[in-house]
Protein chains: 2
Amino acid sequence: MQAPLNPESGTDTAAVVGPANRLRIVLVGTQHPGNIGSAARAIKTMGLHRLVLVAPQKFPHAEADAMAAGADDILSHAARFDTLAEAVADCRLVLGCTARSRRVQLRELRPRDAAASAHAEAAAGGEVALVFGRERTGLDNEELQLCHAAVHIPANPDYSSLNLAAAVQVLSYELRLALLGEGDTASAAIAPVNPAAVPHAELEGFFGQLAETLDAIDFHKGRAPESAMRKLRRLFVRTGLDEKEVRLLRGILADAQRMARLAGARNAG
Amino acid sequence: MQAPLNPESGTDTAAVVGPANRLRIVLVGTQHPGNIGSAARAIKTMGLHRLVLVAPQKFPHAEADAMAAGADDILSHAARFDTLAEAVADCRLVLGCTARSRRVQLRELRPRDAAASAHAEAAAGGEVALVFGRERTGLDNEELQLCHAAVHIPANPDYSSLNLAAAVQVLSYELRLALLGEGDTASAAIAPVNPAAVPHAELEGFFGQLAETLDAIDFHKGRAPESAMRKLRRLFVRTGLDEKEVRLLRGILADAQRMARLAGARNAG
């Protein structure tokens, strides 16, 4: 994905920033420093900023800085602890992103539901942690017992090894939607095909000229004009034409009418 | 995220696999081969498997293989084209993941709604493409004009540069939720504008005749034809023309061309 995704909009609102201040992403025993950098970039793109590292194997590290791209501020402000217990000591809600586990009985949430819970808790003033385990072995039993629930990304059962930063990206994305209040709405469902479409009434002039033009170029050849016009109306109403498009199409019709006049004059003459 | 996410569950069901076979992830002009590998891993974890590469700068490449981890089968089966037009020629729905753009008027969908649309189309038997542009510069205008809608990940306005593979991961995740029936329920509401729309390639003949007609009726009057044709392409691609509509419109063009010939004959005579 390239450059600014929405350059025109300013910065996030207090409604987003407030709860975001109480959301922390916790990486436990991360093996590859590059993953710490990628995770930092992932959370920053989603408007989060609190990264907590528990006993990282190599940090700080050049690979972490390289992968963080513009998110090095997240790395430099990352809190660091020796144990997960210390990292989440002040949290009201701790969610562990992990494989389904029979080792420890934990309620399992989908990322979307986890994000909704995290947002609700953070909006109510509680500290919330989303915890990600080691690349290979995940979270150990003792760590899982610190979690109020497990979060499970519904991956392909035949190939479920999400990269650590990819998992952080998915959860951070769901957190962002929750922060933006877009958790489960479907606004685009009712969005018009063309937001700049002219009102229906303004199409009538165009349809009138279209009908005249079809006559002029002898399109119907004896057939009833209604059926073709009905299909064309449906087509252009569905499209949602804007002012410029109506002008463009009417310009084309005008030239077709002109040609028909010239041709007619010839036949007459 | 580590090891098997849900070891107990078997493989995906036909309900997931069927539509997934009609969903392709298209990467255009990717600069870093590592991103191609990471994207392959991302789509495989989400149960997708069709990767299409348009003019990659370096591929095949050791970095791609390294980042693909266990997803090298996705890379070895990746289709390859010189242009996006060829890569989506048989698609009924083409969604471009891009920055908000004022350059080209495109309906903008959120990832969740885009996934619902893509799933609805694929479940109905249509070929669907999700298109990702170059790391820095994204998709150019000509490429955007091949898209029925733009997909926008609502990133942090102050730091919106998602890594390419991260963007692929987010969209693939939403596609997976839609395939699993856990996405938005609004899929019907945002199904393609015209479910019976012909594939892209079949529009080309119409666009060709439209361009000829504009010349014949002297619509351009010295102006460069490109701008008008670009607007008209956008309009009709957005509309989603079906077979009957293409025939109807081409019939109208044929009569306009006939009139122009008669008129020309007159001027000549």
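Each value, and the rule that gives it
- Residues numbered from 1 in each chain as written.
- Chains lettered and ligands numbered in written order.
- Predicted model: local features only at pLDDT ≥ 70, side-chain atom pairs only at ≥ 80, totals over all residues.
- Heavy atoms only, no water.
- Helix = DSSP H or I, 4+ residues; strand = E, 2+ residues; numbered from the N terminus.
- Buried < 20%, exposed > 50% of the residue type's maximum accessible area, 1.4 Å probe, protein only.
- Contact = heavy atoms within 4.5 Å.
- Core = buried A, V, L, I, M, F, W, Y, C linked by side-chain atoms within 4.5 Å.
- Disulfide = S-S within 2.5 Å.
- 1 Å grid on protein atoms, 1.4 Å probe; cavity = no way out; pocket = protein on both sides within 12 Å on 5 of 7 lines; lining within 4 Å.
- Points joined across faces, edges and corners; volume = space filled by probe spheres on them.
- Nonpolar A, V, L, I, M, F, W, Y, C, P; charged D, E, K, R; others polar.
- Pairing = 2+ DSSP bridges.
- Axes fitted to C-alpha atoms, helices over the stretch in contact; angles between N-to-C directions.
- Phe/Tyr/Trp six-rings, centres within 6.5 Å; stacked < 30°, edge-to-face > 60°.
- Salt bridge = Lys/Arg side-chain N within 4 Å of Asp/Glu carboxyl O.
- Domains from an automatic or database assignment.
- Polar contact = N/O pair within 3.5 Å; in protein donor to acceptor, adjacent residues only side chain to side chain.
- Right-handed = clockwise from strand over helix to strand, strands pointing away.

**A look at the overall build of chain A**
Item 1. Check the secondary structure of chain A and you find 11 helices and seven strands.
Item 2. For chain A, the residues scored as buried account for 54% of the 269 residues in total.
Item 3. Once local pairs closer than 6 in sequence are excluded, the contacts in chain A between residues at least 24 apart make up 84%.

**Quick notes on the nonpolar core**
Item 1. Counting residues in hydrophobic clusters, the biggest one holds 98 residues, and the most contacted among them are Leu51(A) and Leu51(B).
Item 2. Those residues in contact with Leu51(A) that sit more than four places away from it in its chain are Ile25(A), Leu27(A), Ile36(A), Ala40(A), Ile43(A), Ile74(A), Leu75(A), Ala78(A) and Ala79(A).
Item 3. One finds Leu203(A), Ala228(A), Leu232(A) and Ala256(A) within the second-largest nonpolar core, a separate group that totals 47 residues.

**So, the state of the cysteines**
Note: disulfide means a covalent bond formed between the sulfur atoms of two cysteine side chains.
Residues and elements named next belong to chain B.
Item 1. On inspection of all chains with the given rule, the structure shows zero disulfides over all chains.
Item 2. Free cysteine: Cys97, not disulfide-bonded; nearest cysteine sulfur from Cys147 at 8.6 Å.
Item 3. Cys97 sits in the buried class, given a relative accessible area of 1%.

**Comments concerning the layout of surface pockets**
Item 1. Computed from the structure, the largest pocket encloses a volume of approximately 690 Å³.
Item 2. Put simply, the parts of the chain that give the lining of the largest pocket at least two residues each are α2 (33-45), α3 (62-68) and α8 (164-179) of chain A together with α2 (33-45), α3 (62-68) and α8 (164-179) of chain B.
Item 3. Tallied by class, the residues present in the lining of the largest pocket amount to 12 nonpolar, 12 polar and four charged.

**What to know about the sheet that holds strand β1 (residues 23-28) of chain A**
Residue and element names in this part refer to chain A.
Item 1. Taken together, seven strands build an open sheet; the order of strands is β3-β2-β1-β6-β4-β7-β5 and the sheet is parallel. Edge strands, defined here as strands with exactly one partner in the open sheet, are β3 (79-81) and β5 (108-109).
Item 2. When β5 meets strand β7 (residues 149-151), the two strands line up parallel, connected through two bridges. For Glu108, the partnering residue across the bridge sits in β7 and is Ala150.
Item 3. Its contacts with the sheet place α2 against β1 and β2 (50-54), and it is angled at close to 155° to β2.

**A look at the packing of aromatic side chains**
Centre distance and the angle of the planes are the two values used to describe a pair of aromatic rings.
Item 1. Following the criterion strictly, the structure yields five aromatic pairs over all chains and no others.
Item 2. When the ring of Phe236(A) is compared with that of Phe236(B), the centres are 6.2 Å apart and the planes differ by 65°; the resulting orientation is edge-to-face. Residue Phe236(A) is found in helix α10 (residues 225-239), and its partner Phe236(B) is found in helix α10 (residues 225-239); the two belong to separate chains. An identical accessibility class is assigned to Phe236(A) and Phe236(B); each is buried.
Item 3. Judged by centre distance (5.2 Å) and plane angle (85°), the rings of Phe206(B) and Phe236(B) are edge-to-face. Within this pair, whereas Phe206(B) is found in helix α9 (residues 200-216), its partner Phe236(B) is found in helix α10, the two being separated by 30 residues in sequence. For the pair Phe206(B) and Phe236(B), one class covers both residues: buried.
Item 4. In textbook terms, an aromatic cluster arises when at least three aromatic residues are bridged by ring pairs, as seen for Phe206(A), Phe207(A), Phe236(A), Phe206(B), Phe207(B) and Phe236(B).

**So, the pattern of salt bridges**
Item 1. Evaluation of the coordinates by the stated rule reveals 26 salt bridges over all chains.
Item 2. Residues Arg134(B) and Glu143(B) are paired through a salt bridge, measuring 2.7 Å at the closest nitrogen-oxygen approach.
Item 3. Each of the salt bridges in this network shares a partner with another, and the network as a whole consists of Arg24(A), Arg50(A), Asp90(A) and Glu127(A).

**Digging into empty space enclosed by the protein**
Sizing a probe to match a water molecule and rolling it over the atoms shows the empty space that remains.
Item 1. Summed over the entire model, instances satisfying the criterion amount to four cavities of 30 Å³ or more.
Item 2. Estimated volume of the largest cavity: approximately 280 Å³.
Item 3. Where the lining of the largest cavity is concerned, the elements lending two or more residues are α9 (200-216) and α11 (243-268) of chain A together with α9, α10 and α11 (243-268) of chain B.
Item 4. Residue composition of the lining of the largest cavity, by class: 18 nonpolar, two polar and no charged.

**Some details on the domain arrangement of chain A**
Item 1. When cut into domains, chain A gives domain 1 (13-179) and domain 2 (200-268).
Item 2. Of note, the centres of domain 1 of chain A and domain 2 of chain A, computed from C-alpha atoms alone, are 59 Å apart.

**Looking at the side chain of His220(B)**
All names here are of chain B.
Item 1. Inspection of the secondary structure assignment puts His220 in the loop between α9 and α10.
Item 2. Of the residues examined, His220 reaches a relative accessible area of 8% and is grouped as buried.
Item 3. In contact with His220, not counting residues within four places along its chain, are Leu214, Asp215, Pro225 and Ala228.

**Description of the side chain of Gln209(B)**
All names here are of chain B.
Item 1. Position of Gln209 among the secondary structure elements: in helix α9.
Item 2. With relative accessibility at 10%, the residue Gln209 sits in the buried group.
Item 3. Here Gln257 takes part through its side chain, which lies 3.1 Å from a polar atom of the side chain of Gln209.
Item 4. The residues contacting Gln209, other than those within four sequence positions of it, are Arg250, Leu253, Ala254 and Gln257.

**Regarding the pairing of strand β6 (residues 128-132) of chain A**
All names here are of chain A.
Item 1. Extensive coverage of β6 is indicated by the burial of five of its five residues.
Item 2. Strand direction decides the pairing type here: β1 and β6, joined by five bridges, are parallel. Each residue of the ladder has a partner; that of Leu23, found in β6, is Val128.
Item 3. Where strand β4 (residues 93-97) meets β6, five bridges bridge the pair, whose relative direction is parallel. By the bridge assignment, Cys97 is partnered in β6 with Phe132.

**Observations concerning the pairing of β1(A)**
Successive residues of a regular strand alternate their side chains across the two faces of the sheet.
Residue and element names in this part refer to chain A.
Item 1. Across the six residues that make up β1, a large majority, six, are buried.
Item 2. Neither face of β1 is open: one carries Leu23, Ile25 and Leu27, the other Arg24, Val26 and Val28, and all of them are buried.
Item 3. With five bridges connecting them, β1 and β2 associate as parallel partners. Bridging from a neighbouring strand, Ile25 pairs with Leu51 of β2.
Item 4. One crossover worth recording links β1 to the parallel β2 by way of α2, and it is right-handed.

**Brief notes about the sheet that holds strand β2 (residues 50-54) of chain B**
Residues and elements named next belong to chain B.
Item 1. Spatially, seven strands are ordered β3-β2-β1-β6-β4-β7-β5 in an open sheet, and the strand pairing comes out parallel. Each having just a single partner strand, β3 (79-81) and β5 (108-109) make up the two edges of the open sheet.
Item 2. Sheet topology places β2 next to β3; three bridges connect them, and they run parallel. Looking at β3, one finds that Leu53 is bridged to Arg80.
Item 3. Across the sheet, helix α6 (residues 111-123) is in contact with β1 (23-28), β4 (93-97), β5, β6 (128-132) and β7 (149-151); its angle to β4 comes to roughly 160°.

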